[in-house]
Amino acid sequence: MSNPYEQQPGYQPNLDPNYAYTPQPQAPVLANWGQRLGSGLIDWLIVVIPTVAIAAVTNQLLGNLVSLAALIAFGYMEGTTGQTPGKKVVGLRTAKYADGALLGVGIGILRRVLHILDALACFLGYFWPIWDEKRQTFADKIVGSVVVVSK
């Protein structure tokens, strides 16, 4: 044999006690729309309940500031860990499409802001992952991210 990695004819590694199996890395599983919806609803409730309560007790400006703080905090979490509280509960994470790395703080916050585009035209961007090959929203496409099932 010229190639030391070439398998011998008829060789069955699962029957060889000296064979060391090294599992090959698998491509991450893209999150389906239902999983993304579930994580988004959890995150939405975490933001909306305090925002409405604060706005009702004090004023709308303070409620808006709480929403802005939550947007930044969730963008930070997603950029540094790949997960928001909702994604953690559902078992998802956000990563760069190119290499699976974390987005980073700036891109994580930008992705959150760009979800405004997903809400335009009757929330079409939020439904886009249903038929998109990479299951991306418009914001995901712009920053080059995907939502995957975490291990």
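Note: the structure precedes this text.
Residues numbered from 1 in each chain as written. Predicted model: local features only at pLDDT ≥ 70, side-chain atom pairs only at ≥ 80, totals over all residues. Heavy atoms only, no water.

Draft legend 1. The side chain of Gln-83, seen in detail. Note on placement: Gln-83 falls in the loop between helix 2 (60-81) and helix 3 (85-90). A polar contact of 2.8 Å, which involves the side chain of Gln-83, links it to the backbone oxygen of Leu-92. What Gln-83 contacts, discounting residues up to four positions off in sequence, is Met-77, Glu-78, Lys-88, Leu-92, Arg-93 and Ser-150. (Helix = DSSP H or I, 4+ residues; strand = E, 2+ residues; numbered from the N terminus. Polar contact = N/O pair within 3.5 Å; in protein donor to acceptor, adjacent residues only side chain to side chain. Contact = heavy atoms within 4.5 Å.)

Draft legend 2. Representation of the environment of Arg-36 in the model. Here Arg-36 shows up in helix 1 (residues 33-57). Classification of Arg-36 as buried rests on a relative accessible area of 12%. Separated by 93 residues in the primary sequence, Arg-36 and Pro-129 have C-alpha atoms spaced 9.1 Å apart. Excluding its chain neighbours within four sequence positions, the residues that come into contact with Arg-36 are Ala-31, Leu-92, Arg-111, Pro-129, Arg-135, Gln-136, Thr-137, Asp-140 and Val-147. Within the structure, Arg-36 has its side chain in polar contact with the backbone oxygen of Arg-135 (distance 2.7 Å). (Buried < 20%, exposed > 50% of the residue type's maximum accessible area, 1.4 Å probe, protein only.)

Draft legend 3. Region of interest: the side chain of Arg-112. Structurally, the position occupied by Arg-112 is in helix 4 (residues 105-127). Exposure remark for Arg-112: the relative accessible area of 18% places this residue in the buried category. Ignoring sequence-local partners within four residues, the contact set of Arg-112 consists of Asp-43, Leu-71, Phe-74, Gly-75, Glu-78, Thr-84 and Lys-87.

Draft legend 4. Region of interest: the layout of surface pockets. Reported here for the largest pocket is a volume of approximately 900 Å³. Taken together, 30 residues form the lining of the largest pocket, with Gly-40, Trp-44, Arg-112, His-115 and Tyr-126 sitting closest to its centre. If you tally residues by element for the lining of the largest pocket, the top one is helix 1, at 12 residues. Partitioning the lining of the largest pocket into residue classes produces 18 nonpolar, six polar and six charged. (1 Å grid on protein atoms, 1.4 Å probe; cavity = no way out; pocket = protein on both sides within 12 Å on 5 of 7 lines; lining within 4 Å. Points joined across faces, edges and corners; volume = space filled by probe spheres on them. Nonpolar A, V, L, I, M, F, W, Y, C, P; charged D, E, K, R; others polar.)

Draft legend 5. Representation of the pairing of strand 2 (residues 145-149) in the model. Burial analysis of strand 2 places four of its five residues in the buried class, which makes it a mostly covered element. Sheet analysis places strand 1 (residues 92-96) next to strand 2, joined by five bridges and oriented antiparallel. What sits directly across from Ala-95, in strand 2, is Val-146. (Pairing = 2+ DSSP bridges.)

Draft legend 6. Representation of the packing of aromatic side chains. A full pass over the atoms with the stated rule returns four aromatic pairs. Between Trp-33 and Phe-127, the ring centres sit 5.5 Å apart and the planes meet at 20°, which makes this aromatic pair stacked. Note that Trp-33 is positioned in helix 1 and Phe-127 in helix 4, a separation of 94 residues in sequence. The class of Phe-127 is partly exposed, set by a relative accessible area of 36%. (Phe/Tyr/Trp six-rings, centres within 6.5 Å; stacked < 30°, edge-to-face > 60°.)

Draft legend 7. Quick peek at helix 4. Taking 1.5 Å of rise per residue, the 23 residues of helix 4 would be expected to cover 33 Å, yet its terminal C-alpha atoms sit only 25 Å apart, more than 12% below that figure. Along helix 4, the sharpest change in direction is near 130° and occurs at Ala-121. Inspection of helix 4 places Gly-108, Arg-111, Arg-112, Leu-114, His-115, Asp-118 and Gly-125 among the buried residues, and these make up the whole buried set. As for helix 4, its buried residues are in contact with helix 1, helix 2, helix 3, strand 1, helix 5 (138-143) and strand 2. (Expected span 1.5 Å × (residues − 1). Bend = angle between axes of the 7 residues up to and from the residue.)

Draft legend 8. Examining the packing of helix 1 against helix 2 more closely. In contact at an axis separation of 7 Å, helix 1 and helix 2 are set at 155° when each is read in the N-to-C sense. One way to sum up the angle between helix 1 and helix 2 is to call them roughly antiparallel. You can see that helix 1 and helix 2 cross each other, and the crossing is right-handed. Contacts between helix 1 and helix 2 involve Asp-43, Ile-46, Val-47, Thr-51, Ile-54 and Ala-55 from the former and Gln-60, Leu-62, Gly-63, Val-66, Ser-67, Ala-70 and Phe-74 from the latter. Grouping the amino acids of the contact of helix 1 with helix 2 by side-chain chemistry returns eight nonpolar, four polar and one charged. (Axes fitted to C-alpha atoms, helices over the stretch in contact; angles between N-to-C directions. Parallel < 35°, antiparallel > 145°, perpendicular 65-115°, else oblique. Left-handed = near helix turned anticlockwise from the far one by under 90°.)

What is shown is where atoms sit, not what they do.
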